[in-house]
Amino acid sequence: MITLYTGELLISPIPLELTLHRCNYGCAYCFATLNFRHSGYTRANVTGIQNLLATYHTRNTMVAKLLRQGYPILLSNRTDPFAPANRNLILPLLETLTAQGIHVAFQTRGGTLVNDALDIVAPSCWYISITSDQPDRTRQIEPAAPPLTEKLKMIDALIARGHCVTVGINPYVPEWWADAPAFLRELKARGVHGIWTELLHLHYRQRNLMTDRERAALTEETIALAMKRQPPKEWIDGIARLRDDAQAAGLEIFSGGQGNRSDFFTPYK
């Protein structure tokens, strides 16, 4: 459904979110997938989305009012719009939104239909999730998601078509990176605008909802560290270095609660 986007309240300038079918990329750490297991959510209310897009001009809801005022929609903080589960939905939906003049922004790991989407949507803002520079590690923790090489090709294609790209090193776990400074310099050379980074954090309910495969992919040691109320010092020091390296590379940087200004969200505004 199209709902108010409160996932990043007072952070993201995008006030609306469109949630499609539950993502099936299988990322072991994904808070959205784990929380959906708790709630039992599996499929989008496609009929409800269609009805809203057909009648928002006359509805008296906050979502409808924001759409009439021209605010964009995020696809999506809780599902990946290009995951195989959404293959039959994403392109017709983008055609409908574009025809109605509704702007969109994306959070995604990519997928086979991204190039088709570029023929539909106007230049926009894309947040691409990359959690490791090690291909084997990526396959371990994101088994069904596009590999790193495909994500980098997608970034190049997006930038070539005039889209703004940021990268989510989110979650960040120091052990998942072989040479983060070099990777950040490569992102800047490709034309990436900035990175959003946060440490991996899990709570007991999420851990208990993990499959055996997901626990093995993350390792029990990493899960235990991610569940600590206070992150381990090596993680805190690691993300501080990552932020410094990103700024040294010329990338805009954002993390929740950061104490310095940034132009990370300027393209969105």
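Up top is the structure.
Draft legend 1. The arrangement of the overall build of the protein chain in detail. Helix and strand counts for the protein chain come out as twelve helices and eight strands. The C-alpha radius of gyration of the protein chain comes to 18 Å, within 12% of the 18 Å expected for a compact globule of 269 residues. Reported as C-alpha extents along the three principal axes, the dimensions of the protein chain are approximately 55 × 40 × 35 Å. Split into buried and exposed, the 269 residues of the protein chain put 50% on the buried side.

Draft legend 2. Quick look at the pairing of strand β7 (residues 194-199). The pairing of strand β6 (residues 164-172) with β7 spans five bridges and is classified as parallel. Note that in β7 the partner of Gly168 across the bridge is Trp196. As a crossover connection, the stretch from β6 through helix α8 (residues 180-190) into β7 is right-handed. Where β7 meets strand β8 (residues 252-254), three bridges bridge the pair, whose relative direction is parallel. Each bridged residue has a counterpart across the sheet, and for Trp196 the counterpart in β8 is Phe254.

Draft legend 3. Highlighting the sheet that holds strand β5 (residues 125-129). Overall, mixed pairing links the eight strands, which are arranged β1-β2-β3-β4-β5-β6-β7-β8 in an open sheet. Here the strands that pair on one side only, and so sit at the sheet edges, are β1 (2-4) and β8. Taking the axes of each pair of neighbouring strands and ignoring which way they run, one obtains an average angle of 25° across the sheet. Alignment of β1 against strand β2 (residues 16-18), held across three bridges, turns out to be antiparallel. Across the sheet, Leu4 pairs through a bridge with Leu16, a residue of β2. Across the sheet, helix α4 (residues 90-99) touches β2, β3 (73-75) and β4 (104-108), and the angle it forms with β3 is around 165°.

Draft legend 4. Representation of the environment of Ala85 in the model. Structurally, the position occupied by Ala85 is in the loop between β3 and α4. Ala85 sits in the partly exposed class, given a relative accessible area of 27%. Separated by 158 residues in the primary sequence, Ala85 and Arg243 place their C-alpha atoms 34 Å from one another. What Ala85 contacts, discounting residues up to four positions off in sequence, is His21, Arg22 and Asn24.

Scoring rules and cut-offs
- Residues numbered from 1 in each chain as written.
- Predicted model: local features only at pLDDT ≥ 70, side-chain atom pairs only at ≥ 80, totals over all residues.
- Heavy atoms only, no water.
- Helix = DSSP H or I, 4+ residues; strand = E, 2+ residues; numbered from the N terminus.
- Rg over C-alpha atoms; globule rule 2.2 N^0.38 Å.
- Buried < 20%, exposed > 50% of the residue type's maximum accessible area, 1.4 Å probe, protein only.
- Pairing = 2+ DSSP bridges.
- Right-handed = clockwise from strand over helix to strand, strands pointing away.
- Axes fitted to C-alpha atoms, helices over the stretch in contact; angles between N-to-C directions.
- Contact = heavy atoms within 4.5 Å.

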